[in-house]
Amino acid sequence: HQCRQILEGGESGVLLEADDADYDGRSALHVAASEGQLTVIALLLELGAAVNAKDRFGHTPLQDAVKHAHVDVARLLRENGGELGFDEASLSSELCESARSGSLDQMSLLLRNHADVDAKDYDSRTAIHLASSEGNLRIVEFLLDAGANPNSKDRWGGTALRDAVREGHTQVATLLSKRGAELGLDEVAASGELCEIARAGRLDNVRLLLDCKANVNAADYDKRTCLHLAASEGNLRIVEFLLDVGADINFRDRWGGTALRDAVREAHANVAEVLRVRGA
């Protein structure tokens, strides 16, 4: 009632417009949307307020409603032509932050208001990359159900599955793999990933990477495999695991070196013995 009086001049006799804005370009509709004032918004729309007016930050009333999780307000604005008004990078930032923090309600509200589930940021990373990196299983599942591309690549060629594997999120990696996700690694890149985690002694990550169809004998630019690295570092458990899953025990690097030669050179007697007994 007070809002209607003000807009109609009230006691001041000054006729105001529904779209009058403050120094930040924010209109009454922006503020009402931020505060979740459904009745006021209905009145402002009835009086002709511009539903997609942008403030000086580029925000629309619908953006404000979604940001503050006012579901009914967002629906009313959307039904009256309201748009989020994000550019792709800004939209991706909002989605990625929701994915990173595990905010399923916020993610759902953004997508319900026509956000592009595959929006990319400045590094071409999407919400499913972030959710996979953080191990947010429920968010990953929700994004897949909403149509997210599981094989979208960031500017380094990384996929959501590669992120999940690198961070050791087994459940997320398993789900992605079942839903058609791929590592997206060429042989050199696959070898780089395997060699690094073998060097670090991260057996679970080695196992997970191989479960996701990485080639156990992938060789890097020096023709070295993860077995070479594990033997060089003396990681006996990883050496035994790699042999059990079919690693070529006598694979030669570009200098003709084998895993056994690496183990001997670094004086890893237990590793050298296992390799020798297994035919190295």
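Since the model is a prediction, treat every value here as computed from it, not as a measurement.

1. Section: the environment of His-129
In step 1: Tracing the backbone shows His-129 in helix 8 (residues 127-134).
In step 2: Sequence separation of His-129 and Asn-151 is 22 residues, and the distance between their C-alpha atoms is 9.5 Å.
In step 3: Side-chain polar atoms of His-129 contact the backbone oxygen of Ser-152, separated by 3.1 Å.

2. Structural notes on the packing of aromatic side chains
In step 1: A complete count under the given rule lists zero aromatic pairs for this structure.
In step 2: Here the basic side chain of Arg-207 rests over the ring of Phe-241, its NZ or CZ set 5.0 Å away from the ring centre.

3. Here's the deal with the packing of helix 15 (residues 236-244) against helix 17 (residues 269-277)
In step 1: Two elements in contact, helix 15 and helix 17, have axes separated by 10 Å at closest approach and are oriented at 15°. Overall, the two elements helix 15 and helix 17 adopt an arrangement that is roughly parallel. At the point where helix 15 passes helix 17, the crossing takes the right-handed sense. In contact with Leu-236, Val-239, Glu-240 and Leu-243 of helix 15, helix 17 contributes Asn-270, Val-271, Val-274 and Leu-275.

4. A short note on helix 9 (residues 137-145)
In step 1: For helix 9, the full list of buried residues reads Ile-139, Val-140, Leu-143 and Leu-144. Buried residues of helix 9, viewed axially, fall in a sector of 135°; they line one side. Among the exposed residues of helix 9, those pointing more than 90 degrees away from its buried face are Arg-138 and Asp-145.
In step 2: Note on helix 9: the residue one or two positions beyond its end, Gly-147, has a positive phi of about 100°.

5. Some words on helix 14 (residues 226-233)
In step 1: In terms of burial, helix 14 is largely enclosed, as seven of its eight residues are buried.
In step 2: The complete set of buried residues in helix 14 reads Cys-226, Leu-227, His-228, Leu-229, Ala-230, Ala-231 and Ser-232.
In step 3: Considering only its buried residues, helix 14 is in contact with helix 12 (187-199), helix 15, helix 16 (259-265) and helix 17.
In step 4: Gly-234 occupies a position one or two residues after helix 14 and carries a positive phi of about 75°.

6. Comments concerning the state of the cysteines
In step 1: As enumerated under the stated definition, the model contains zero disulfides in all.
In step 2: Between Cys-212, a free cysteine, and Cys-226, which holds the nearest cysteine sulfur, the sulfur-to-sulfur gap is 15 Å.
In step 3: When its relative accessible area of 8% is taken as the criterion, Cys-212 is described as buried.
In step 4: The thiol of Cys-226 is not disulfide-bonded; the next cysteine sulfur, from Cys-195, is found 6.0 Å away.

Conventions used here
- Within each chain, residue numbers correspond to sequence positions counted from 1 in written order.
- Only residues with pLDDT of at least 70 get local features here, since the model is predicted, and only at 80 or more are side-chain atom pairs given and counted; chain-wide, interface and lining totals rely on the full set of residues.
- Excluded from the side-chain calculation are hydrogens and water; included are all heavy atoms of the structure.
- Where helices and strands are cited, they refer to DSSP runs of H or I of at least four residues and of E of at least two residues respectively, numbered from the N terminus.
- We define a polar contact as two N or O atoms separated by no more than 3.5 Å, with the added condition that, inside protein, one atom must be a possible hydrogen donor and the other a possible acceptor, whereas residues neighbouring each other in sequence contribute only through side-chain atom pairs.
- When two rings of Phe, Tyr or Trp (its six-membered ring) have centres within 6.5 Å they constitute a pair, described as stacked for plane angles under 30 degrees, edge-to-face for angles over 60, and tilted for the intermediate range.
- By the criterion adopted, a ring carries a charge over it if an Arg CZ or a Lys NZ lies within 6 Å of its centre and within 35 degrees of its normal.
- All axes are obtained by fitting lines to C-alpha atoms, using only the stretch in contact for helices, and the reported angles, taken between N-to-C directions, cover 0 to 180 degrees.
- Throughout, the term roughly parallel applies to angles under 35 degrees, roughly antiparallel to angles over 145, roughly perpendicular to angles from 65 to 115, and oblique to all others.
- Handedness of a crossing is defined here by the sense of rotation of the near helix relative to the far one, left-handed for an anticlockwise turn of less than a right angle and right-handed for a clockwise turn.
- Should any heavy atoms of two residues lie within 4.5 Å, those residues are counted as being in contact.
- Throughout, exposure labels follow a simple rule: accessible area from a 1.4 Å probe, protein chains only, divided by the maximum for the residue type, with under 20% read as buried, over 50% as exposed, and the rest as partly exposed.
- It is the directions from the helix axis to the C-beta atoms that the arc portrays.
- Any cysteine sulfur atom paired with another within 2.5 Å is treated as part of a disulfide.

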